[in-house]
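# Structure assessment
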Amino acid sequence: MPQLSLNWNNEAYVSLHLVQTMLQIAGLPAQSNYSHWIPEFKIKVPKYKNGLLIEIDKEVDFLIEDYSRYINFLVEVKPANNRINDAARFQLEHYLRYSHTRLGVLIDPFLMEIHEYKKGYLSLKCKYHIENPHDVRPVANFFREFLESVRMRTIAIHTSKGGVGKTTLVINIAYELAKQGYKVLVIDLDDQANASLSLGVNNADDLDNASSPEEFEQILNEFEYRKEVSEFMRDYVRDDFDYTSYIQPSPLNHLLNMDVCNGRIDVLPSSYKTTDYALAGAIGNRVKRLNNAIQKSKMANTYDYVIIDTPPSATDITINGLYAAQYIIIPSQMEYLSTYGIRAIIKRLKEVYEEMDGKRGIILGVVPMMTEKTKLNTTIKKLLETTIKNIPPLLTEIKRATSVGQASHERLPVSVFAENSGNSAAGSIAKQFSKLTQELIARMNQIEFTTGK
Ligand SMILES: Nc1ncnc2c1ncn2[C@@H]1O[C@H](COP(=O)(O)OP(=O)(O)OP(=O)(O)O)[C@@H](O)[C@H]1O
Ligand SMILES: [Mg+2]
(Lines give C-alpha, C1' and ligand atoms only; values in the text may rest on other atoms or scores of the structure.)
(Ligands and ions follow the chains in the order given, each with its own letter.)
Protein backbone atom coordinates (compact mmCIF):
# COMPACT_ATOMS: atom_id res chain seq x y z
CA MET A 1 0.00 0.00 0.00
CA PRO A 2 1.55 3.39 -0.92
CA GLN A 3 2.37 5.94 1.73
CA LEU A 4 -0.06 8.83 1.43
CA SER A 5 0.15 12.32 2.87
CA LEU A 6 -1.81 13.01 6.04
CA ASN A 7 -4.31 15.01 3.96
CA TRP A 8 -5.97 11.73 3.03
CA ASN A 9 -6.94 11.24 6.70
CA ASN A 10 -9.29 14.15 6.23
CA GLU A 11 -12.68 13.05 4.88
CA ALA A 12 -13.40 16.39 3.22
CA TYR A 13 -10.09 16.14 1.36
CA VAL A 14 -10.93 12.60 0.13
CA SER A 15 -14.38 13.79 -0.88
CA LEU A 16 -13.07 16.72 -2.90
CA HIS A 17 -9.95 15.25 -4.50
CA LEU A 18 -11.10 11.70 -5.10
CA VAL A 19 -14.89 11.33 -5.00
CA GLN A 20 -16.12 14.60 -6.48
CA THR A 21 -13.44 14.57 -9.16
CA MET A 22 -14.31 10.96 -10.00
CA LEU A 23 -18.00 11.78 -10.40
CA GLN A 24 -17.17 14.67 -12.70
CA ILE A 25 -14.80 12.62 -14.87
CA ALA A 26 -17.36 9.80 -14.97
CA GLY A 27 -19.75 12.30 -16.59
CA LEU A 28 -21.90 13.24 -13.60
CA PRO A 29 -21.40 16.93 -12.79
CA ALA A 30 -22.81 18.38 -9.55
CA GLN A 31 -25.64 20.14 -11.33
CA SER A 32 -26.68 19.69 -14.93
CA ASN A 33 -29.71 18.78 -16.99
CA TYR A 34 -29.03 15.12 -16.32
CA SER A 35 -27.23 14.83 -12.99
CA HIS A 36 -27.54 16.25 -9.56
CA TRP A 37 -25.62 15.75 -6.32
CA ILE A 38 -27.35 16.17 -2.98
CA PRO A 39 -24.59 16.44 -0.37
CA GLU A 40 -25.29 15.45 3.25
CA PHE A 41 -28.47 13.74 2.16
CA LYS A 42 -30.81 13.12 5.09
CA ILE A 43 -32.44 9.73 5.59
CA LYS A 44 -35.06 8.99 8.20
CA VAL A 45 -34.05 5.84 10.07
CA PRO A 46 -36.35 4.23 12.68
CA LYS A 47 -34.87 3.65 16.13
CA TYR A 48 -36.12 2.45 19.52
CA LYS A 49 -35.68 5.00 22.29
CA ASN A 50 -37.01 4.32 25.80
CA GLY A 51 -39.20 1.58 24.36
CA LEU A 52 -40.66 3.86 21.72
CA LEU A 53 -40.08 3.66 18.01
CA ILE A 54 -38.90 7.04 16.78
CA GLU A 55 -37.37 8.31 13.55
CA ILE A 56 -33.95 9.91 13.53
CA ASP A 57 -32.20 11.76 10.73
CA LYS A 58 -29.02 10.19 9.45
CA GLU A 59 -26.76 11.76 6.86
CA VAL A 60 -25.08 10.05 3.97
CA ASP A 61 -22.34 11.98 2.17
CA PHE A 62 -24.11 12.13 -1.19
CA LEU A 63 -27.22 11.09 -3.01
CA ILE A 64 -26.42 11.21 -6.72
CA GLU A 65 -29.32 11.45 -9.14
CA ASP A 66 -28.23 10.25 -12.55
CA TYR A 67 -31.03 11.23 -14.92
CA SER A 68 -29.11 10.11 -17.96
CA ARG A 69 -29.42 6.48 -16.85
CA TYR A 70 -32.41 7.01 -14.56
CA ILE A 71 -30.58 5.69 -11.50
CA ASN A 72 -29.88 7.06 -8.04
CA PHE A 73 -27.12 5.96 -5.70
CA LEU A 74 -25.72 6.84 -2.30
CA VAL A 75 -22.04 7.58 -1.73
CA GLU A 76 -20.32 7.29 1.65
CA VAL A 77 -16.75 8.59 1.85
CA LYS A 78 -14.14 7.25 4.30
CA PRO A 79 -10.72 8.72 5.10
CA ALA A 80 -7.44 6.74 5.05
CA ASN A 81 -7.35 6.39 8.85
CA ASN A 82 -10.93 5.11 9.11
CA ARG A 83 -11.27 2.88 6.11
CA ILE A 84 -14.21 0.85 4.78
CA ASN A 85 -15.07 -1.86 7.30
CA ASP A 86 -18.04 -3.98 8.34
CA ALA A 87 -19.49 -1.17 10.42
CA ALA A 88 -19.53 1.06 7.32
CA ARG A 89 -21.17 -1.70 5.27
CA PHE A 90 -23.80 -2.26 7.94
CA GLN A 91 -24.53 1.46 8.01
CA LEU A 92 -24.80 1.58 4.20
CA GLU A 93 -27.29 -1.29 4.30
CA HIS A 94 -29.41 0.79 6.68
CA TYR A 95 -29.20 3.87 4.52
CA LEU A 96 -30.16 1.98 1.37
CA ARG A 97 -33.05 0.24 3.08
CA TYR A 98 -34.60 3.40 4.50
CA SER A 99 -33.97 5.62 1.49
CA HIS A 100 -35.33 2.91 -0.87
CA THR A 101 -32.21 3.21 -2.98
CA ARG A 102 -30.76 0.22 -4.79
CA LEU A 103 -27.11 1.13 -5.15
CA GLY A 104 -24.54 2.43 -2.69
CA VAL A 105 -20.85 3.25 -3.05
CA LEU A 106 -18.30 3.07 -0.23
CA ILE A 107 -15.02 4.70 -1.06
CA ASP A 108 -11.75 5.39 0.73
CA PRO A 109 -8.34 6.35 -0.77
CA PHE A 110 -7.47 2.67 -1.40
CA LEU A 111 -10.73 0.97 -2.25
CA MET A 112 -14.14 1.48 -3.84
CA GLU A 113 -16.95 -0.99 -3.14
CA ILE A 114 -20.27 -0.87 -5.00
CA HIS A 115 -23.14 -2.55 -3.18
CA GLU A 116 -26.68 -3.39 -4.14
CA TYR A 117 -29.56 -3.57 -1.66
CA LYS A 118 -31.51 -6.62 -2.69
CA LYS A 119 -34.26 -8.53 -0.89
CA GLY A 120 -33.39 -6.97 2.46
CA TYR A 121 -29.64 -7.54 2.25
CA LEU A 122 -26.55 -5.81 1.06
CA SER A 123 -24.74 -7.63 -1.71
CA LEU A 124 -21.36 -6.61 -3.06
CA LYS A 125 -21.59 -6.04 -6.82
CA CYS A 126 -17.97 -5.14 -7.43
CA LYS A 127 -14.89 -3.61 -5.91
CA TYR A 128 -11.98 -1.65 -7.29
CA HIS A 129 -8.53 -1.29 -5.69
CA ILE A 130 -7.30 2.27 -6.09
CA GLU A 131 -3.61 2.28 -6.87
CA ASN A 132 -3.05 5.97 -6.46
CA PRO A 133 -5.84 8.31 -5.30
CA HIS A 134 -4.11 11.25 -7.00
CA ASP A 135 -4.76 9.53 -10.34
CA VAL A 136 -8.57 9.61 -10.47
CA ARG A 137 -9.09 8.75 -14.14
CA PRO A 138 -8.85 4.92 -13.88
CA VAL A 139 -11.27 4.90 -10.92
CA ALA A 140 -13.68 7.12 -12.87
CA ASN A 141 -13.48 4.86 -15.93
CA PHE A 142 -14.22 1.80 -13.85
CA PHE A 143 -17.15 3.60 -12.23
CA ARG A 144 -18.59 4.73 -15.56
CA GLU A 145 -18.41 1.22 -16.96
CA PHE A 146 -20.21 -0.04 -13.89
CA LEU A 147 -23.00 2.52 -14.34
CA GLU A 148 -23.44 1.43 -17.95
CA SER A 149 -23.95 -2.15 -16.79
CA VAL A 150 -26.89 -1.25 -14.51
CA ARG A 151 -28.64 1.31 -16.66
CA MET A 152 -32.21 1.12 -17.82
CA ARG A 153 -32.54 2.03 -21.49
CA THR A 154 -35.42 4.17 -22.69
CA ILE A 155 -36.53 4.15 -26.30
CA ALA A 156 -39.32 6.18 -27.89
CA ILE A 157 -40.86 5.21 -31.20
CA HIS A 158 -41.96 8.33 -32.95
CA THR A 159 -42.73 10.03 -36.19
CA SER A 160 -45.23 12.71 -37.04
CA LYS A 161 -47.11 10.54 -39.50
CA GLY A 162 -50.05 8.38 -38.41
CA GLY A 163 -50.60 4.72 -39.26
CA VAL A 164 -47.01 3.92 -40.21
CA GLY A 165 -46.57 1.09 -37.72
CA LYS A 166 -45.34 2.82 -34.54
CA THR A 167 -47.49 0.75 -32.20
CA THR A 168 -46.76 -2.43 -34.15
CA LEU A 169 -43.05 -1.81 -33.60
CA VAL A 170 -43.56 -1.09 -29.89
CA ILE A 171 -45.44 -4.35 -29.27
CA ASN A 172 -43.11 -6.55 -31.28
CA ILE A 173 -39.84 -5.05 -30.05
CA ALA A 174 -41.11 -5.22 -26.44
CA TYR A 175 -42.00 -8.89 -26.91
CA GLU A 176 -38.67 -9.75 -28.54
CA LEU A 177 -36.82 -8.11 -25.63
CA ALA A 178 -38.95 -9.92 -23.04
CA LYS A 179 -38.29 -13.23 -24.83
CA GLN A 180 -34.60 -12.58 -24.33
CA GLY A 181 -35.13 -12.26 -20.57
CA TYR A 182 -35.35 -8.47 -20.30
CA LYS A 183 -37.86 -6.75 -18.08
CA VAL A 184 -39.72 -4.28 -20.26
CA LEU A 185 -42.12 -1.48 -19.44
CA VAL A 186 -44.24 -0.12 -22.27
CA ILE A 187 -45.38 3.46 -21.71
CA ASP A 188 -48.38 4.37 -23.83
CA LEU A 189 -48.63 8.10 -24.54
CA ASP A 190 -51.33 7.82 -27.20
CA ASP A 191 -54.89 8.65 -26.17
CA GLN A 192 -56.04 6.14 -28.81
CA ALA A 193 -54.39 3.60 -26.47
CA ASN A 194 -53.63 1.02 -29.17
CA ALA A 195 -50.59 -0.28 -27.32
CA SER A 196 -52.56 -0.64 -24.06
CA LEU A 197 -55.33 -2.46 -25.94
CA SER A 198 -52.91 -4.78 -27.75
CA LEU A 199 -51.03 -5.56 -24.56
CA GLY A 200 -54.26 -6.59 -22.89
CA VAL A 201 -54.60 -3.96 -20.17
CA ASN A 202 -57.53 -1.92 -21.52
CA ASN A 203 -60.45 -4.38 -21.55
CA ALA A 204 -60.18 -4.71 -25.32
CA ASP A 205 -62.29 -7.89 -25.46
CA ASP A 206 -65.07 -6.30 -23.41
CA LEU A 207 -65.02 -3.26 -25.67
CA ASP A 208 -65.16 -5.49 -28.77
CA ASN A 209 -68.08 -7.44 -27.36
CA ALA A 210 -70.08 -4.51 -26.03
CA SER A 211 -73.62 -4.96 -27.25
CA SER A 212 -74.73 -1.34 -27.01
CA PRO A 213 -73.26 2.15 -27.00
CA GLU A 214 -74.25 2.40 -23.32
CA GLU A 215 -72.27 -0.72 -22.45
CA PHE A 216 -69.30 0.62 -24.41
CA GLU A 217 -69.54 3.92 -22.54
CA GLN A 218 -69.76 2.09 -19.24
CA ILE A 219 -66.53 0.18 -19.95
CA LEU A 220 -64.76 3.42 -20.87
CA ASN A 221 -66.05 5.02 -17.69
CA GLU A 222 -64.17 2.40 -15.72
CA PHE A 223 -60.97 4.15 -16.82
CA GLU A 224 -62.04 7.39 -15.25
CA TYR A 225 -60.62 6.59 -11.83
CA ARG A 226 -57.83 4.31 -12.98
CA LYS A 227 -54.31 5.57 -12.35
CA GLU A 228 -52.56 5.62 -15.70
CA VAL A 229 -49.89 7.52 -17.57
CA SER A 230 -51.31 11.02 -17.21
CA GLU A 231 -51.72 10.56 -13.44
CA PHE A 232 -48.18 9.16 -13.28
CA MET A 233 -46.91 12.38 -14.88
CA ARG A 234 -48.98 14.49 -12.52
CA ASP A 235 -48.49 12.68 -9.19
CA TYR A 236 -44.74 12.11 -9.12
CA VAL A 237 -44.20 15.23 -7.00
CA ARG A 238 -46.22 13.74 -4.14
CA ASP A 239 -44.39 12.24 -1.17
CA ASP A 240 -46.44 9.05 -1.27
CA PHE A 241 -45.86 8.50 -5.03
CA ASP A 242 -45.54 4.78 -5.74
CA TYR A 243 -45.18 4.02 -9.43
CA THR A 244 -46.27 0.40 -9.11
CA SER A 245 -49.86 1.49 -8.53
CA TYR A 246 -49.94 2.95 -12.06
CA ILE A 247 -48.60 -0.14 -13.79
CA GLN A 248 -50.31 -3.29 -15.03
CA PRO A 249 -48.74 -6.61 -16.04
CA SER A 250 -49.51 -7.65 -19.60
CA PRO A 251 -51.38 -10.97 -19.97
CA LEU A 252 -48.80 -11.73 -22.69
CA ASN A 253 -46.49 -12.63 -19.79
CA HIS A 254 -48.29 -15.99 -19.62
CA LEU A 255 -46.86 -16.76 -23.05
CA LEU A 256 -43.30 -16.11 -21.98
CA ASN A 257 -41.82 -19.23 -20.56
CA MET A 258 -40.94 -18.05 -17.08
CA ASP A 259 -38.91 -21.22 -16.33
CA VAL A 260 -36.28 -20.33 -18.83
CA CYS A 261 -36.63 -16.61 -19.00
CA ASN A 262 -37.32 -13.91 -16.47
CA GLY A 263 -38.44 -11.47 -19.12
CA ARG A 264 -41.76 -9.74 -18.80
CA ILE A 265 -43.82 -6.86 -20.13
CA ASP A 266 -45.61 -4.38 -17.91
CA VAL A 267 -47.63 -1.47 -19.18
CA LEU A 268 -48.11 2.08 -18.01
CA PRO A 269 -51.41 2.44 -19.81
CA SER A 270 -53.18 5.24 -21.52
CA SER A 271 -56.80 5.98 -22.36
CA TYR A 272 -58.92 8.82 -23.69
CA LYS A 273 -57.69 10.73 -20.59
CA THR A 274 -54.12 11.06 -21.92
CA THR A 275 -54.29 14.60 -23.22
CA ASP A 276 -52.42 17.82 -22.56
CA TYR A 277 -55.49 18.93 -20.69
CA ALA A 278 -54.75 16.28 -18.04
CA LEU A 279 -51.39 17.93 -17.41
CA ALA A 280 -52.72 21.46 -17.21
CA GLY A 281 -52.17 23.00 -13.81
CA ALA A 282 -49.64 20.40 -12.66
CA ILE A 283 -46.48 21.94 -11.30
CA GLY A 284 -43.04 21.51 -12.83
CA ASN A 285 -41.62 21.74 -16.32
CA ARG A 286 -44.32 21.12 -18.93
CA VAL A 287 -42.37 18.80 -21.23
CA LYS A 288 -40.06 17.03 -18.78
CA ARG A 289 -42.67 15.56 -16.50
CA LEU A 290 -42.33 12.04 -17.86
CA ASN A 291 -38.56 12.28 -17.55
CA ASN A 292 -38.85 13.48 -13.94
CA ALA A 293 -41.51 10.95 -13.02
CA ILE A 294 -39.42 8.05 -14.33
CA GLN A 295 -36.45 9.25 -12.29
CA LYS A 296 -38.50 9.83 -9.15
CA SER A 297 -40.17 6.41 -9.47
CA LYS A 298 -36.83 4.54 -9.24
CA MET A 299 -38.21 2.08 -11.79
CA ALA A 300 -34.67 1.60 -13.07
CA ASN A 301 -34.31 -0.78 -10.12
CA THR A 302 -36.75 -3.08 -11.91
CA TYR A 303 -36.73 -2.58 -15.67
CA ASP A 304 -34.08 -3.09 -18.32
CA TYR A 305 -35.98 -1.35 -21.11
CA VAL A 306 -38.72 1.24 -21.31
CA ILE A 307 -40.40 1.48 -24.70
CA ILE A 308 -42.53 4.56 -25.27
CA ASP A 309 -45.34 4.61 -27.83
CA THR A 310 -46.22 8.09 -29.05
CA PRO A 311 -49.09 9.60 -30.99
CA PRO A 312 -48.24 11.24 -34.33
CA SER A 313 -49.26 14.69 -33.07
CA ALA A 314 -46.80 17.20 -31.60
CA THR A 315 -48.61 17.67 -28.29
CA ASP A 316 -46.95 18.29 -24.93
CA ILE A 317 -47.60 14.64 -24.11
CA THR A 318 -45.64 13.56 -27.20
CA ILE A 319 -42.79 15.96 -26.46
CA ASN A 320 -42.65 14.52 -22.94
CA GLY A 321 -41.90 11.18 -24.60
CA LEU A 322 -39.01 12.70 -26.54
CA TYR A 323 -37.49 14.29 -23.42
CA ALA A 324 -37.77 11.03 -21.50
CA ALA A 325 -36.15 8.77 -24.10
CA GLN A 326 -32.43 8.30 -24.48
CA TYR A 327 -33.01 6.76 -27.90
CA ILE A 328 -35.50 7.34 -30.69
CA ILE A 329 -36.57 4.99 -33.45
CA ILE A 330 -38.30 6.57 -36.44
CA PRO A 331 -40.57 4.27 -38.45
CA SER A 332 -41.30 5.35 -41.97
CA GLN A 333 -43.09 4.02 -44.98
CA MET A 334 -41.16 4.43 -48.18
CA GLU A 335 -43.18 7.28 -49.65
CA TYR A 336 -42.02 10.74 -50.72
CA LEU A 337 -44.12 12.56 -48.11
CA SER A 338 -42.73 10.47 -45.27
CA THR A 339 -39.22 11.64 -46.01
CA TYR A 340 -40.33 15.24 -45.34
CA GLY A 341 -41.85 14.16 -42.00
CA ILE A 342 -38.53 12.59 -41.05
CA ARG A 343 -36.67 15.86 -41.62
CA ALA A 344 -39.05 17.71 -39.25
CA ILE A 345 -38.60 15.08 -36.52
CA ILE A 346 -34.84 15.10 -36.87
CA LYS A 347 -34.82 18.87 -36.44
CA ARG A 348 -36.93 18.63 -33.28
CA LEU A 349 -34.76 15.83 -31.88
CA LYS A 350 -31.63 17.87 -32.48
CA GLU A 351 -33.02 20.54 -30.16
CA VAL A 352 -33.76 17.94 -27.48
CA TYR A 353 -30.29 16.42 -27.94
CA GLU A 354 -28.59 19.79 -27.54
CA GLU A 355 -30.69 20.93 -24.61
CA MET A 356 -30.06 17.66 -22.79
CA ASP A 357 -26.32 17.58 -23.51
CA GLY A 358 -26.60 14.51 -25.71
CA LYS A 359 -28.26 12.37 -23.01
CA ARG A 360 -31.63 12.34 -24.81
CA GLY A 361 -32.80 12.37 -28.40
CA ILE A 362 -30.19 10.00 -29.81
CA ILE A 363 -31.54 8.68 -33.12
CA LEU A 364 -31.04 4.93 -33.36
CA GLY A 365 -32.27 4.93 -36.91
CA VAL A 366 -35.15 4.84 -39.34
CA VAL A 367 -37.05 1.56 -39.78
CA PRO A 368 -38.50 1.19 -43.29
CA MET A 369 -42.02 -0.08 -42.64
CA MET A 370 -44.44 -2.09 -44.77
CA THR A 371 -41.94 -2.22 -47.59
CA GLU A 372 -42.70 -3.80 -50.93
CA LYS A 373 -40.59 -4.81 -53.87
CA THR A 374 -41.41 -1.77 -55.97
CA LYS A 375 -39.21 0.67 -57.81
CA LEU A 376 -40.61 3.53 -55.69
CA ASN A 377 -39.57 1.75 -52.47
CA THR A 378 -36.02 1.34 -53.71
CA THR A 379 -35.86 4.95 -54.89
CA ILE A 380 -37.09 6.32 -51.55
CA LYS A 381 -34.65 4.16 -49.62
CA LYS A 382 -31.82 5.57 -51.72
CA LEU A 383 -33.18 9.09 -51.27
CA LEU A 384 -33.25 8.67 -47.50
CA GLU A 385 -29.76 7.26 -47.41
CA THR A 386 -28.29 10.03 -49.46
CA THR A 387 -30.23 13.17 -48.57
CA ILE A 388 -30.78 12.94 -44.84
CA LYS A 389 -27.41 13.65 -43.32
CA ASN A 390 -26.11 12.80 -39.88
CA ILE A 391 -28.40 9.90 -39.13
CA PRO A 392 -27.31 6.27 -38.88
CA PRO A 393 -27.90 3.87 -41.79
CA LEU A 394 -31.42 2.49 -42.22
CA LEU A 395 -32.39 -0.27 -39.79
CA THR A 396 -33.75 -3.71 -40.74
CA GLU A 397 -36.89 -3.23 -42.79
CA ILE A 398 -40.28 -4.76 -41.95
CA LYS A 399 -42.02 -5.98 -45.09
CA ARG A 400 -45.69 -5.59 -45.78
CA ALA A 401 -47.73 -8.70 -44.98
CA THR A 402 -51.40 -9.19 -44.20
CA SER A 403 -50.41 -11.45 -41.31
CA VAL A 404 -49.22 -8.35 -39.36
CA GLY A 405 -52.75 -7.00 -39.43
CA GLN A 406 -54.12 -10.45 -38.50
CA ALA A 407 -51.72 -10.68 -35.55
CA SER A 408 -52.67 -7.23 -34.31
CA HIS A 409 -56.35 -8.11 -34.74
CA GLU A 410 -55.78 -11.06 -32.39
CA ARG A 411 -53.70 -8.79 -30.14
CA LEU A 412 -50.65 -10.97 -30.45
CA PRO A 413 -47.03 -10.23 -31.25
CA VAL A 414 -46.24 -11.49 -34.75
CA SER A 415 -43.92 -14.22 -33.45
CA VAL A 416 -46.68 -15.72 -31.28
CA PHE A 417 -49.19 -15.44 -34.11
CA ALA A 418 -46.72 -17.20 -36.43
CA GLU A 419 -46.21 -20.05 -33.97
CA ASN A 420 -49.93 -20.49 -33.29
CA SER A 421 -51.01 -20.34 -36.91
CA GLY A 422 -48.03 -21.90 -38.67
CA ASN A 423 -48.35 -19.03 -41.17
CA SER A 424 -45.03 -18.87 -42.99
CA ALA A 425 -45.39 -15.21 -44.07
CA ALA A 426 -45.90 -14.32 -40.41
CA GLY A 427 -42.84 -16.43 -39.56
CA SER A 428 -40.73 -14.42 -41.91
CA ILE A 429 -41.98 -11.07 -40.48
CA ALA A 430 -41.28 -12.43 -36.97
CA LYS A 431 -37.69 -13.04 -38.06
CA GLN A 432 -37.45 -9.43 -39.26
CA PHE A 433 -38.60 -8.14 -35.84
CA SER A 434 -36.10 -10.38 -34.12
CA LYS A 435 -33.27 -9.22 -36.38
CA LEU A 436 -34.30 -5.58 -35.89
CA THR A 437 -34.25 -6.00 -32.09
CA GLN A 438 -30.74 -7.50 -32.20
CA GLU A 439 -29.62 -4.66 -34.38
CA LEU A 440 -31.05 -2.08 -31.97
CA ILE A 441 -29.23 -3.66 -29.02
CA ALA A 442 -26.00 -3.73 -31.02
CA ARG A 443 -26.38 -0.04 -31.97
CA MET A 444 -27.02 0.99 -28.36
CA ASN A 445 -24.01 -1.03 -27.17
CA GLN A 446 -21.90 0.62 -29.82
CA ILE A 447 -23.06 4.15 -28.93
CA GLU A 448 -22.51 3.59 -25.21
CA PHE A 449 -19.13 1.99 -25.79
CA THR A 450 -17.81 4.75 -28.02
CA THR A 451 -19.28 7.85 -26.38
CA GLY A 452 -19.66 6.77 -22.75
CA LYS A 453 -23.26 8.08 -22.76
N1 LIG B 1 -45.59 -4.74 -41.91
C2 LIG B 1 -46.91 -4.54 -41.99
N3 LIG B 1 -47.62 -5.09 -42.98
C4 LIG B 1 -48.96 -4.89 -43.07
N5 LIG B 1 -49.66 -4.15 -42.21
C6 LIG B 1 -49.00 -3.56 -41.20
C7 LIG B 1 -47.59 -3.72 -41.03
N8 LIG B 1 -47.21 -3.02 -39.95
C9 LIG B 1 -48.33 -2.45 -39.44
N10 LIG B 1 -49.42 -2.78 -40.19
C11 LIG B 1 -50.79 -2.32 -39.97
O12 LIG B 1 -50.88 -0.93 -40.20
C13 LIG B 1 -51.84 -0.35 -39.35
C14 LIG B 1 -51.20 0.81 -38.60
O15 LIG B 1 -50.19 0.30 -37.74
P16 LIG B 1 -49.94 0.91 -36.31
O17 LIG B 1 -51.20 1.03 -35.54
O18 LIG B 1 -48.83 0.16 -35.71
O19 LIG B 1 -49.45 2.37 -36.75
P20 LIG B 1 -49.21 3.66 -35.85
O21 LIG B 1 -48.14 4.42 -36.50
O22 LIG B 1 -49.05 3.27 -34.44
O23 LIG B 1 -50.61 4.42 -36.02
P24 LIG B 1 -51.11 5.70 -35.19
O25 LIG B 1 -50.38 6.86 -35.76
O26 LIG B 1 -52.57 5.73 -35.46
O27 LIG B 1 -50.78 5.46 -33.76
C28 LIG B 1 -52.33 -1.47 -38.41
O29 LIG B 1 -53.54 -1.94 -38.87
C30 LIG B 1 -51.25 -2.52 -38.54
O31 LIG B 1 -51.74 -3.82 -38.31
MG1 LIG C 1 -50.08 3.91 -32.71
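It should be emphasised that the depicted structure is a prediction, and the values quoted were computed from it without experimental measurement.

### Focus: the overall build of the protein chain
Along its length, the protein chain carries 16 helices and 14 strands. What you see for the protein chain is a C-alpha radius of gyration of 24 Å, in line with the 22 Å of a compact globule of 453 residues. Its C-alpha atoms give the protein chain principal-axis dimensions of about 75 × 55 × 45 Å. Sorting the 453 residues of the protein chain into buried and exposed places 42% on the buried side. Taking contacts inside the protein chain between residues at least 6 apart in sequence as the whole, the part at least 24 apart equals 71%.

### Examining helix H14 (residues 402-409)
Within the sequence span of H14, burial applies to Val404, Ala407 and Ser408. Take H14 and look down its axis: the buried residues cluster within an arc of 95 degrees, on one side only. Turned more than 90 degrees away from the buried face of H14, the exposed residues are Thr402, Gly405 and His409. Within two residues after H14, Arg411 carries a phi angle of roughly 55 degrees, on the positive side.

### Concerning the site of ligand 1
Close to ligand 1 lie 20 residues, the nearest being Gly162, Lys166, Thr167, Thr168 and Val404. Residue assignment for the shell around ligand 1 shows that the elements contributing at least two residues are helix H4 (166-179), strand E13 (362-371) and H14.

### Examining the pairing of E13
Sheet faces and side chains relate simply in a regular strand, where the side chains alternate between the two faces. Taking burial as the measure, the ten residues of E13 include seven buried ones, the bulk of the element. Read as a crossover between parallel neighbours, the route from strand E12 (residues 327-333) over helix H12 (residues 336-355) to E13 is right-handed. Pairing analysis gives two bridges linking E13 to strand E14 (residues 398-399), with the strands arranged parallel. Looking at the pairing, Met369 lines up with Ile398 of E14.

### Details of the sheet that holds strand E11 (residues 305-309)
If you trace the eight strands from one edge of the open sheet to the other, you get E9-E10-E8-E11-E7-E12-E13-E14, paired in mixed fashion. Pairing within the sheet leaves two strands with one partner each, and these edge strands are strand E9 (248-249) and E14. Contacting strand E7 (153-157), E11 and E12, helix H11 (residues 316-324) crosses the sheet at an angle of about 145 degrees to E7.

### Focus on the sheet that holds strand E6 (residues 121-129)
In spatial order, the strands read E1-E2-E3-E4-E5-E6; together these six strands make up an open sheet with mixed pairing. Sheet topology places strand E1 (35-49) and E6 at the edges, where each strand pairs with a single neighbour. On average, adjacent strands in this sheet sit at an angle of 30 degrees to one another, irrespective of strand direction.

### Topic: the domain arrangement of the protein chain
Along its sequence, the protein chain is carved into domain 1 (6-149) and domain 2 (153-451). For domain 1 versus domain 2, the separation of C-alpha centres amounts to 35 Å. Counting from both sides, the interface comprises 13 residues of domain 1 and, opposite them, twelve residues of domain 2. Taken together, the residues of the side of domain 1 that touches domain 2 sort by class into four nonpolar, five polar and four charged.

### Brief notes about the nonpolar core
In terms of nonpolar packing, the biggest core is built from 111 residues, with Ala174, Val184, Val186, Ile307, Ile308 and Ile328 touching the most fellow members. Examining the composition of this core, we find that eight residues originate from one element, H4, more than from any other. Here Ile307 is in contact with Ile155, Ile157, Val170, Ile173, Ala174, Val184 and Val186, once residues within four sequence places are set aside.

### Looking at H12
Spanning 20 residues, H12 covers 30 Å between terminal C-alpha atoms, matching the ideal 28 Å at 1.5 Å per step. Within H12 the residues assigned to the buried category are Ser338, Ile342, Ile345 and Leu349. The buried residues of H12 all sit within an arc of 75 degrees when viewed along its axis, so they share a single face. When the buried face of H12 is taken as reference, the exposed residues oriented beyond 90 degrees from it are Tyr336, Leu337, Tyr340, Arg343, Lys347, Glu351 and Glu354. The elements touched by buried residues of H12 are H11, E12 and E13. Looking one or two residues beyond H12, the residue adopting positive phi is Asp357, at roughly 50 degrees.

### Topic: the pairing of E12
With seven of seven residues buried, E12 lies mostly within the body of the structure. Covered by surrounding structure in E12 are Tyr327, Ile329, Pro331 and Gln333 together with Ile328, Ile330 and Ser332, the residues of both alternating faces. With three bridges joining them, E7 and E12 adopt parallel strand pairing. Bridging across to E12, Ile157 finds its partner in Ile329. Alignment of E12 against E13, held across seven bridges, turns out to be parallel. Pairing of Ile329 across the sheet is with Gly365, part of E13.

### Points about the environment of Asn285
In this structure, Asn285 sits in the loop between helix H9 (276-279) and helix H10 (289-297). Judged by local crowding, Asn285 falls into the exposed class, with 10 C-beta atoms found within 10 Å. Sequence separation between Asn285 and Ala407 is 122 residues, and the spatial gap between their C-alpha atoms is 39 Å.

Each value, and the rule that gives it
Residues numbered from 1 in each chain as written. Chains lettered and ligands numbered in written order. Predicted model: local features only at pLDDT ≥ 70, side-chain atom pairs only at ≥ 80, totals over all residues. Helix = DSSP H or I, 4+ residues; strand = E, 2+ residues; numbered from the N terminus. Rg over C-alpha atoms; globule rule 2.2 N^0.38 Å. Buried ≥ 20, exposed ≤ 12 C-beta atoms within 10 Å, placed from the backbone. Contact = placed C-beta atoms within 7 Å. Arc of directions from axis to C-beta. Near = placed C-beta within 6 Å. Right-handed = clockwise from strand over helix to strand, strands pointing away. Pairing = 2+ DSSP bridges. Axes fitted to C-alpha atoms, helices over the stretch in contact; angles between N-to-C directions. Domains from an automatic or database assignment. Nonpolar A, V, L, I, M, F, W, Y, C, P; charged D, E, K, R; others polar. Core = buried A, V, L, I, M, F, W, Y, C linked by C-beta atoms within 7 Å. Expected span 1.5 Å × (residues − 1).

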